[in-house]
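Report on the structure
Chain residues, written in single-letter form:
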Amino acid sequence: DVKVTQSSRYLVKRTGEKVFLECVQDMDHENMFWYRQDPGLGLRLIYFSYDVKMKEKGDIPEGYSVSREKKERFSLILESASTNQTSMYLCASSFWGQNYEQYFGPGTRLTVT
Amino acid sequence: AQRVTQPEKLLSVFKGAPVELKCNYSYSGSPELFWYVQYSRQRLQLLLRHISRESIKGFTADLNKGETSFHLKKPFAQEEDSAMYYCALSGLGNTPLVFGKGTRLSVIA
C-alpha cells in the first residue's frame, strides 16, 4: 500500500517565519508534487520534481521553494511566511509517466498569523 | 492551453436521485481525463479514468470529444457519495495533471 506522509497535520506560524513542510513517500516514485488546496480555487500546483535535485515550477511558485535531496523526500519551503499562504498543503507522488495516478498525503493545514 | 472547467462549486441532490457532475476541458491534443475524489477527512484519491471505461462505486464517465466533456454520472446517489470531486486532464508524457476547481457533492437523506 502506497504511503505518502507529511510531517505535520496542523501548523501555526507567524508572519515572516521560515516554514518547512516535509513529504516522504515509500513507493520509489520518481515524481513528487506540492499543491495548495483552497475553497473555490481547487488544487493549484506549486512545484514538482521528476528526480533528485530536479525541480520545476508549477502554476503558483511565488513565495515558495523546494528541495529534493533524496528520492523519497520532497520539502516545501516558505522563505518568509505571509498570511496569504494560509492554506491546506497537499503532497503527492507518482511513477514517471503515470501522473494520472497520483498518491496524496493527508495534507498539512498551515495557518500564518 | 490546457484547462479544466467544473462549472458547479456545489451540487446538492436527494438520496436516490441521479447525479451528474460536469467537467469540460480545453486541450489541443488527445487528452486523458480522470476524476479524483476526496471524502471527508480522507486523502484525495483517483476515482476513475476514461480509458478504463469502468464503473467505480456506481459512477461512470464518458469522454465526449465533440463536446470536450467528461461528465461524471451515477443513476442513484447515496449519502456516502458526499465528497469533493475534481476532474483532471493529462497531456503528453510526464506533464503534470491539470485539475479543475472541484465540485462539492452533497447528498441529502
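Look above for the structure.
Small disclaimer: the values here were computed from a predicted structure and weren't measured.

With respect to the pattern of salt bridges
In total, this model carries twelve salt bridges over all chains according to the counting rule given. Among the ionic pairs, A:Glu79 bridges to A:Lys18, the shortest N-O distance being 3.5 Å. In this pair, A:Glu79 sits in the loop between strand S8 (73–78) and strand S9 (87–94) while A:Lys18 sits in the loop between strand S2 (10–13) and strand S3 (19–25), placing the two residues 61 residues apart along the sequence. Judged by its relative accessible area of 42%, A:Glu79 is partly exposed. A:Lys18 sits in the partly exposed class, given a relative accessible area of 45%. Between B:Lys74 and B:Asp81 there is a salt bridge; the shortest N-O distance is 2.8 Å. Several salt bridges converge on common partners, so that one network encompasses A:Asp28, A:Glu30 and A:Lys71.

Observations regarding the packing of aromatic side chains
The tally for this structure, following the rule as stated, stands at eleven aromatic pairs over all chains. Between A:Tyr35 and B:Phe99 the ring centres are 5.6 Å apart and the planes differ by 90 degrees, which places this aromatic pair in the edge-to-face class. Here A:Tyr35 is found in strand S4 (residues 31–38), whereas its partner B:Phe99 is found in strand S10 (residues 98–99) on a different chain. In this structure, A:Tyr35 and B:Phe99 share a single accessibility class: buried. Ring geometry for B:Tyr36 and B:Phe99: centres 5.5 Å apart, planes at 70 degrees, overall edge-to-face. Here B:Tyr36, found in strand S5 (residues 32–38), pairs with B:Phe99, found in strand S10; they are 63 residues apart in sequence, far enough to count as distant. For B:Tyr36, a relative accessible area of 0% corresponds to the buried category.

Here's the deal with unusual backbone geometry
All names here are of chain B. Here arginine 41, not a glycine, exhibits a phi torsion of approximately 65 degrees, which is positive. With respect to the element layout, arginine 41 can be found in the loop between S5 and strand S6 (45–49). Given the relative accessible area of 83%, arginine 41 is considered exposed. Positive phi, close to 55 degrees, is recorded for lysine 57, a residue that is not glycine. Residue placement: lysine 57 occurs in the loop between S6 and strand S7 (60–61). When its relative accessible area of 48% is taken as the criterion, lysine 57 is described as partly exposed.

Quick word on the sheet that holds strand S3 (residues 19–21) of chain B
All names here are of chain B. Taken together, three strands build an open sheet; the order of strands is S3-S8-S7 and the sheet is antiparallel. The strands lining the two open edges of the sheet, one partner per strand, are S3 and S7. Sheet analysis places S7 next to strand S8 (residues 72–74), joined by two bridges and oriented antiparallel. Bridge pairing in S8 places threonine 60 opposite lysine 73.

Here's the deal with the state of the cysteines
All names here are of chain A. Summed over the entire model, instances satisfying the criterion amount to two disulfides over all chains. The residue that forms a disulfide with cysteine 23 is cysteine 91, at a sulfur-sulfur distance of 1.8 Å. Measuring the twist about the S-S bond at about -75 degrees, one finds the cysteine 23-cysteine 91 disulfide to be left-handed. In this pair, cysteine 23 sits in strand S3 while cysteine 91 sits in strand S9, placing the two residues 68 residues apart along the sequence.

Observations concerning the interface of chain B and chain A
The partner chain A presents 23 residues to the 17 residues of chain B that form the contact. Between chain B and chain A, a total of about 1,700 Å² is buried, with carbon and sulfur atoms accounting for 54% of that surface. Considering only the surface of chain B that becomes buried against chain A, B:Arg43, B:Asn94 and B:Pro96 emerge as the three largest contributors, covering 37% of it. Across the contact surface, chain B and chain A share eight residue pairs in polar contact (both at pLDDT 80 or more).

How each quantity is defined
- Per chain, residue numbering runs from 1 following the sequence as it is written.
- Going through the entries in the order they are written, you letter the chains from A and number the ligands from 1.
- Local features are withheld for residues below a pLDDT of 70 in this predicted model, meaning they are given only at 70 or higher, and side-chain atom pairs are given and counted only at 80 or more; totals for whole chains, interfaces and linings count all residues.
- Computation of side-chain values covers all heavy atoms of the structure but excludes hydrogens and water.
- For this document, the term salt bridge refers to a Lys or Arg side-chain nitrogen within 4 Å of an Asp or Glu carboxyl oxygen.
- Secondary structure elements are defined from DSSP: runs of H or I of at least 4 residues count as helices, runs of E of at least 2 residues count as strands, and each element is numbered from the N terminus.
- Only protein chains enter the accessibility calculation, which uses a 1.4 Å probe. A residue is then buried if its area is under 20% of the maximum for its type, exposed if over 50%, and partly exposed in between.
- Two rings belonging to Phe, Tyr or Trp (six-membered ring only in the last case) form a pair when the distance between their centres is within 6.5 Å. Interplanar angles under 30 degrees mark stacking, angles over 60 mark edge-to-face geometry, and anything in between is tilted.
- Paired strands, in this sense, are two strands between which DSSP finds at least two bridges.
- Throughout, disulfides are identified as pairs of cysteine sulfur atoms within 2.5 Å of each other.
- Here, residues are in contact when the closest pair of their heavy atoms is within 4.5 Å.
- Put simply, buried area is the surface a 1.4 Å probe can reach on two separate parts but cannot reach once they are joined, added for both.
- What qualifies as a polar contact is a pair of N or O atoms within 3.5 Å, subject to a donor-acceptor requirement within protein and to the restriction that residues adjacent in sequence count only when both atoms come from side chains.

Bear in mind that shape data such as this cannot, by itself, settle questions of function.
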